[in-house]
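Okay, here's what each chain looks like letter by letter:
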Amino acid sequence: MIQITQQRAKCIGCNYCMELAPERWRMNKKDGKSVLLGANNKKGFYTVEVHDMEYEENKAAAKACPVRIIHVKELNY
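Residues numbered from 1 in each chain as written. Predicted model: local features only at pLDDT ≥ 70, side-chain atom pairs only at ≥ 80, totals over all residues. Heavy atoms only, no water.

Trainee: How should I be thinking about the pattern of salt bridges in this particular structure?
Mentor: Two side chains with opposite charge may pair up if their charged atoms get near one another. Counted by the stated rule, this structure contains two salt bridges. Residue Asp31 is joined to Arg8 by a salt bridge in which the shortest nitrogen-to-oxygen separation is 3.0 Å. With a gap of 23 residues between them, Asp31 in the loop between strand E2 (25-27) and strand E3 (34-36) and Arg8 in the loop between strand E1 (2-7) and helix H1 (16-20) connect regions that are remote in the sequence. Relative accessible area serves as the criterion here: at 40%, Asp31 is assigned to the partly exposed category. You can call Arg8 buried: its relative accessible area is 13%. The partner of Glu54 in a salt bridge is Arg24, and the shortest N-O contact between them spans 2.8 Å. One end of the pair, Glu54, is in the loop between strand E5 (45-50) and helix H2 (55-64); the other, Arg24, is in the loop between H1 and E2, and 30 residues separate them in sequence. We note that Glu54, like Arg24, is buried. (Salt bridge = Lys/Arg side-chain N within 4 Å of Asp/Glu carboxyl O. Helix = DSSP H or I, 4+ residues; strand = E, 2+ residues; numbered from the N terminus. Buried < 20%, exposed > 50% of the residue type's maximum accessible area, 1.4 Å probe, protein only.)

Below, the structure written as structure tokens:
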């Protein structure tokens, strides 16, 4: 499993995350910021745990993010 975390308030709406990992990200039409699909919000940090097969594209999205608000880590249970 992997964990993806987004600090949504700092999103600038560049759209890289959605282009690189479209199954996990959408753009919100109201505020122009990205939405991490399936995530829970805890104090402004949106977090979701997903299968390892989503690791590469979401790691690429995190690397492409110009404001560095996406973090992806592997979970070892």
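Trainee: Explanation requested: the side chain of Glu54 in the structure shown.
Mentor: With a relative accessible area of 10%, Glu54 lands in the buried category. Within the structure, Glu54 has its side chain in polar contact with the side chain of Arg24 (distance 2.8 Å). Beyond its immediate chain neighbours, meaning those up to four positions away, Glu54 contacts Ile2, Glu23 and Arg24. (Polar contact = N/O pair within 3.5 Å; in protein donor to acceptor, adjacent residues only side chain to side chain. Contact = heavy atoms within 4.5 Å.)

Trainee: Help me understand the nonpolar core in this model?
Mentor: In globular proteins that are soluble, nonpolar side chains generally tend to be buried together. If you look at the biggest cluster of nonpolar residues, it comprises 15 residues, and the most contacted ones within it are Ile4, Trp25, Ile70 and Val72. Looking at this core, the elements that each hand over two or more residues are E1, E5, H2 and strand E6 (70-74). When sequence neighbours within four positions are dropped, the list of residues in contact with Trp25 reads Ile4, Gln6, Cys17, Met18, Ser34, Val35, Leu36, Leu37, Asn58 and Ile70. (Core = buried A, V, L, I, M, F, W, Y, C linked by side-chain atoms within 4.5 Å.)

Trainee: Just checking my understanding: could you explain empty space enclosed by the protein for this structure?
Mentor: One way to see where empty space is left: roll a probe the size of a water molecule over the atoms. In the structure shown here, the tally under the stated rule is one cavity of 30 Å³ or more. Looking at the largest cavity, its volume works out to about 80 Å³. Along the wall of the largest cavity there are 13 residues; nearest its centre are Cys11, Cys14, Cys17, Ser34 and Cys65. Its residues assigned to classes, the lining of the largest cavity shows 10 nonpolar, three polar and no charged. (1 Å grid on protein atoms, 1.4 Å probe; cavity = no way out; pocket = protein on both sides within 12 Å on 5 of 7 lines; lining within 4 Å. Points joined across faces, edges and corners; volume = space filled by probe spheres on them. Nonpolar A, V, L, I, M, F, W, Y, C, P; charged D, E, K, R; others polar.)

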